[in-house]
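So you can see what is in the structure, the chains are spelled out below.
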Amino acid sequence: MARKHSKHGSYDPPQSDEVPAAVPACWLCGRPTGKTIVWHHPVPKSRGGRDVVPMHPICQQTVTATFTNSELERYGTDVDQLLANPAVRKFVDWVAKKDPDFSAATTKKQR
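To keep things clear, this report deals only with the structure shown in the data block. (Residues numbered from 1 in each chain as written. Predicted model: local features only at pLDDT ≥ 70, side-chain atom pairs only at ≥ 80, totals over all residues. Heavy atoms only, no water.)

## Quick notes on the overall build of the protein
Scanning the protein from terminus to terminus reveals 4 helices and 2 strands. In sequence order, the protein lays out its α and β elements as β-β-α-α-α-α. Relative to its full complement of 111 residues, the protein shows a buried share of 27%. Counting every atom, the protein has about 8,200 Å² of accessible surface; 52% of that belongs to carbon and sulfur. (Helix = DSSP H or I, 4+ residues; strand = E, 2+ residues; numbered from the N terminus. Buried < 20%, exposed > 50% of the residue type's maximum accessible area, 1.4 Å probe, protein only. Areas by Shrake-Rupley, 256 points an atom, 1.4 Å probe, with all protein chains shown as cover.)

Printed below as a string of structure tokens:
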């Protein structure tokens, strides 16, 4: 069983002068991510996708509500093709002025 307290005094973790890691930018909208980061598969795992990209939860919800898995497989990691969709472009323009931790309800899948 592990001891709660050391026999030899308290443990002070070493202080480092390292700069905190940079906040990753959202793959879809380009804004810095907030407290919650969703690691999204641009090509769905069911379609063989292995790469992940950081996204805001609201951006990831918009992508999955707008596109089917087969469409996402065709687009791959080309975010410009996703942004060519008028609904996605309208969303990105709207969310650009919001706080990184902004959350709102998104529309249902259009199928």
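## Focus on the state of the cysteines
Inspection of the entire model under this criterion finds 0 disulfides. Distance from the sulfur of Cys 26, which forms no disulfide, to the nearest cysteine sulfur (Cys 29) is 3.7 Å. With relative accessibility at 3%, the residue Cys 26 sits in the buried group. Its sulfur unpaired, Cys 59 is 3.8 Å from the next cysteine sulfur, which belongs to Cys 26. With a relative accessible area of 0%, Cys 59 lands in the buried category. (Disulfide = S-S within 2.5 Å.)

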